[in-house]
Amino acid sequence: MAKIVHKEVLAPQIKLMVVEAPWVAQKAKAGQFVVLRIHERGERVPLTIADFDPSQGTVTIIFQEVGKSTMLLGTLEEGDEILDFVGPLGKEIEERNFGHVVCIGGGVGIAPTYPKAKALKEKGNFVTSIIGARTKTMLFWEEKMQEVSDVLLVTTDDGTYGEKGFVTHVLERVLQKEKVDLVIAVGPVIMMKMVSMVTKPHGVKTLVSLNPIMVDGTGMCGCCRVTVDGKCKFTCVDGPVFDGHSVNFDELMARQRIYLEEEQRALDLWLTEQAKEEAFRVV
Ligand SMILES: Cc1cc2nc3c(=O)[nH]c(=O)nc-3n(C[C@H](O)[C@H](O)[C@H](O)COP(=O)(O)OP(=O)(O)OC[C@H]3O[C@@H](n4cnc5c(N)ncnc54)[C@H](O)[C@@H]3O)c2cc1C
Ligand code: FES
């Protein structure tokens, strides 16, 4: 059981929870994730460790409510407990001085970008961060990203805050002007694909954090397989961070859509049950 000690709404459908999980907090490293289960019959939900505090024994998760399980998680409040909270899982990023690192976070991907930028800044890298969201209200953790960055650049697709356009436009400009030694990108798969396409002609090593559908999270079911450099890799144990120039992004996007029908059915059923419960409460 892992108790929720703090909850915050960061943006519409994006929530932060600080969870008591001392065993995870002691061992967590930037790049790793947890798999949680809300109740006995709940599905396993992989979420990146957005921050951790070994002295307090807490782990911070940030999630976007996109379907049944993340919406259910969003209904939990401070003091409630999450049944299983397993981690840290996956491999950590290599923490050393590369020189100039550009960290890119798109949408809810800003959260997993933070611990990576923080760890690399602590190793003496010059960190340029680029964070982007669809619109101003969807942007969060600008101040926290500023704290761990030498330069912070902000974009919104609609121009309601920061520079209008995609993170890739700003990245292209940085690459034209400055020597960059490493790019790390976390966000929607299409964003990570575009970032990798932008950096390839510049010959800049690019790491991306993949988010395929996962089940066990320990390398046994094969559900999270991705093709990297023509070889089959399991994201949960071989990743989630891979070389963006070697990932087959199109296959990943197709595999993410495999259960759309079932996911929609599960969400509809859950919303109907919620509506019935609400009606009983009113009566
Ligand atoms: C290593 C990793 C780290 C992640 N970190 C974060 C994070 O920090 N914040 C965040 O908001 N999301 C993160 N995700 C995605 C998150 O796990 C899914 O959004 C969540 O499982 C969706 O469940 P659902 O029931 O709410 O939605 P569903 O309606 O079931 O699915 C909505 C979409 O989410 C994806 N998805 C569904 N089930 C899974 C699953 N078991 N594993 C992975 N993806 C799934 C699919 O693309 C699907 O189309 C991460 C995924 C992985 C693999
Ligand atoms: S989630 Fe089962 S092998 Fe990775």
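Residues numbered from 1 in each chain as written. Chains lettered and ligands numbered in written order. Predicted model: local features only at pLDDT ≥ 70, side-chain atom pairs only at ≥ 80, totals over all residues. Heavy atoms only, no water.

(A) Focus on the state of the cysteines. Applying the stated criterion to the full structure yields 0 disulfides. Cysteine Cys232 is unpaired, with the sulfur of Cys224 as its nearest cysteine sulfur at 8.5 Å. (Disulfide = S-S within 2.5 Å.)

(B) Structural context of the site of ligand 1. Near ligand 1, the surroundings consist of 24 residues, among which Glu43, Pro46, Gln64, Thr70 and Met214 are the closest. Contact distances for ligand 1 include 2.4 Å between an oxygen atom and a side-chain N or O atom of Thr70. With the chains in place, 87% of the 860 Å² that ligand 1 exposes on its own is no longer accessible. Mapped onto the shell around ligand 1, the elements with two or more residues apiece are β4 (45-48), β6 (58-64), α2 (68-75) and α9 (260-282). Looking at the shell around ligand 1 element by element, the count peaks at 4 residues for β4. Here the shell around ligand 1 is built from residues that sort into 13 nonpolar, 7 polar and 4 charged. (Near = heavy atom within 4 Å. Polar contact = N/O pair within 3.5 Å; in protein donor to acceptor, adjacent residues only side chain to side chain. Areas by Shrake-Rupley, 256 points an atom, 1.4 Å probe, with all protein chains shown as cover. Helix = DSSP H or I, 4+ residues; strand = E, 2+ residues; numbered from the N terminus. Nonpolar A, V, L, I, M, F, W, Y, C, P; charged D, E, K, R; others polar.)

(C) Just the packing of helix α6 (residues 189-199) against helix α8 (residues 249-256), in detail. As a packed pair, α6 and α8 sit with axes 10 Å apart at the nearest point and diverge in direction by 180°. Overall, the two elements α6 and α8 adopt an arrangement that is roughly antiparallel. Here Val189, Ile190, Met192, Lys193 and Ser196 of α6 lie close against α8, whose contacting residues are Phe249, Asp250, Leu252, Met253 and Gln256. Looking at the contact of α6 with α8 residue by residue, the classes come out as 6 nonpolar, 2 polar and 2 charged. (Axes fitted to C-alpha atoms, helices over the stretch in contact; angles between N-to-C directions. Parallel < 35°, antiparallel > 145°, perpendicular 65-115°, else oblique. Contact = heavy atoms within 4.5 Å.)

(D) View of the sheet that holds strand β10 (residues 126-133). Pairing is mixed in the open sheet, where 7 strands are placed in the order β12-β11-β10-β9-β13-β14-β17. Strands at the two margins of the open sheet, each flanked by one partner only, are β12 (163-164) and β17 (241-243). As paired elements, β10 and strand β11 (residues 151-156) share 6 bridges and run parallel to each other. The partner of Gly132 across the bridge, within β11, is Thr155. (Pairing = 2+ DSSP bridges.)

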